[in-house]
Amino acid sequence: METLSSNDNFAVSSQETAGEDLSAVPSPQGMMRELGELISAGQPAKVLYPLLATDLRRFCPDISERRVRALYNGEVGRLWNDEAMAIRLALSHRRNQKARREFARAAVEMSKALAASGVPLSPEQHCVVRSLTGEVSP
């Protein structure tokens, strides 16, 4: 019967931990694809390239559409710091926009449900709900 020594157990657990740490880091390609879905869900990649480039140019003005295509397709050998930061910032911006829209949509639905059940809203609450309706996309 073969048993593992304490060193063997340590080696297995450290390898497993190292693998988990690496998988927790999102790839640039994965972030680009998520950004593409947030910009315009269901669109083919060819349509997304100029849209992605526009978003990324807010944070990295010199990025080309060709470089954006290479990032989206995972064809880059090296990711520059300014490109990585631009991807993170653009993705964060789009995630925040989506969260604001979802919050606004929920607030409008809640105000409708309250009105239907006869619970009145204060004038301040009406003002807030009116301001949020502008963020809800049709």
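Owing to the predicted nature of the structure, the values given are computational and were not obtained by experimental measurement.

Student: Explain the packing of helix 5 (residues 81-116) against helix 6 (residues 123-133) to me, and be specific about the residues and the numbers.
Tutor: If you want to describe how two helices pack, look at the angle between their axes and the distance between the axes. Two numbers describe how helix 5 lies on helix 6: the axes approach to 9 Å, and their chain directions differ by 135°. Overall, the two elements helix 5 and helix 6 adopt an arrangement that is oblique. Helix 5 and helix 6 meet at a crossing whose hand is left-handed. Contact residues: Phe103, Ala104, Ala107, Val108 and Ser111 in helix 5; Val129, Leu132 and Thr133 in helix 6. Of the residues belonging to the contact of helix 5 with helix 6, the class tally is six nonpolar, two polar and no charged.

Student: Provide a residue-level description of the pattern of salt bridges, including the pertinent values.
Tutor: Throughout the structure, instances matching the rule amount to four salt bridges. Of the charged contacts, one joins Asp55 and Arg94 as a salt bridge, the two residues approaching to 2.7 Å between their closest N and O atoms. Placement of Asp55 in helix 3 (residues 45-57) and of Arg94 in helix 5 is noted, with a sequence separation of 39 residues between them. Classification of Asp55 by relative accessible area gives buried; the value is 3%. Where Arg67 meets Glu83, a salt bridge forms, and the shortest distance between an N and an O atom there is 2.7 Å. With a gap of 16 residues between them, Arg67 in helix 4 (residues 65-73) and Glu83 in helix 5 connect regions that are remote in the sequence. Its relative accessible area of 8% is what places Glu83 among the buried residues. Through salt bridges with shared partners, a single ionic network connects Asp55, Arg58 and Arg94.

Student: Outline helix 5, listing residues and values.
Tutor: Taking 1.5 Å per residue as the helical rise, helix 5 with its 36 residues ought to reach 52 Å, and the 52 Å between its terminal C-alpha atoms agrees with that figure. Those residues of helix 5 that sit buried are Glu83, Ala84, Ala86, Ile87, Ala90, Leu91, Arg94, Ala104, Ala107, Val108 and Ser111. Contacts from the buried residues of helix 5 go to helix 2 (28-39), helix 3, helix 4 and helix 6.

Student: Go over the packing of aromatic side chains, please, and point to the residues and values.
Tutor: Centre distance and the angle of the planes are the two values used to describe a pair of aromatic rings. The full count for this structure, using the stated rule, is one aromatic pair. Lying across the ring of Tyr72, Arg33 places its NZ or CZ 4.5 Å from the centre.

Student: Kindly report on the nonpolar core, identifying the contributing residues and their values.
Tutor: Side chains of a nonpolar character, in soluble globular proteins, are inclined to be buried together. Met32, Leu35, Leu52, Leu56 and Val68 are the most contacted members of the largest nonpolar core, which totals 19 residues. At the level of elements, helix 2, helix 3, helix 4 and helix 5 are the ones that each hand at least two residues to this core. Ignoring any residue separated from it by four or fewer positions in sequence, one finds Met32 in contact with Leu52, Leu56, Val68, Leu71, Tyr72 and Ile87.

Student: Go over the confidence of the model for the chain with me, naming the residues and quoting the values.
Tutor: Model confidence for the chain is summarised by a mean pLDDT of 83, while 79% of its residues fall at 70 or above. Mean pLDDT in the chain bottoms out at helix 1 (residues 6-24), which sits at 48, and peaks at helix 3, which reaches 96. Segment residues 5-20 is flagged for pLDDT under 50; beyond a separation of four residues in sequence, or across chains, it makes one contact in the model.

Student: Which residues make up the side chain of Glu83, and what values do they have?
Tutor: At 2.7 Å, the side chain of Glu83 and the side chain of Arg67 are in polar contact. Excluding residues within four positions of it along the chain, Glu83 makes contact with Ile63, Arg67 and Arg78.

Cut-offs used in this document
Residues numbered from 1 in each chain as written. Predicted model: local features only at pLDDT ≥ 70, side-chain atom pairs only at ≥ 80, totals over all residues. Heavy atoms only, no water. Axes fitted to C-alpha atoms, helices over the stretch in contact; angles between N-to-C directions. Helix = DSSP H or I, 4+ residues; strand = E, 2+ residues; numbered from the N terminus. Parallel < 35°, antiparallel > 145°, perpendicular 65-115°, else oblique. Left-handed = near helix turned anticlockwise from the far one by under 90°. Contact = heavy atoms within 4.5 Å. Nonpolar A, V, L, I, M, F, W, Y, C, P; charged D, E, K, R; others polar. Salt bridge = Lys/Arg side-chain N within 4 Å of Asp/Glu carboxyl O. Buried < 20%, exposed > 50% of the residue type's maximum accessible area, 1.4 Å probe, protein only. Expected span 1.5 Å × (residues − 1). Phe/Tyr/Trp six-rings, centres within 6.5 Å; stacked < 30°, edge-to-face > 60°. Lys NZ or Arg CZ within 6 Å of the ring centre and 35° of its normal. Core = buried A, V, L, I, M, F, W, Y, C linked by side-chain atoms within 4.5 Å. pLDDT = per-residue confidence, 0-100. Polar contact = N/O pair within 3.5 Å; in protein donor to acceptor, adjacent residues only side chain to side chain.

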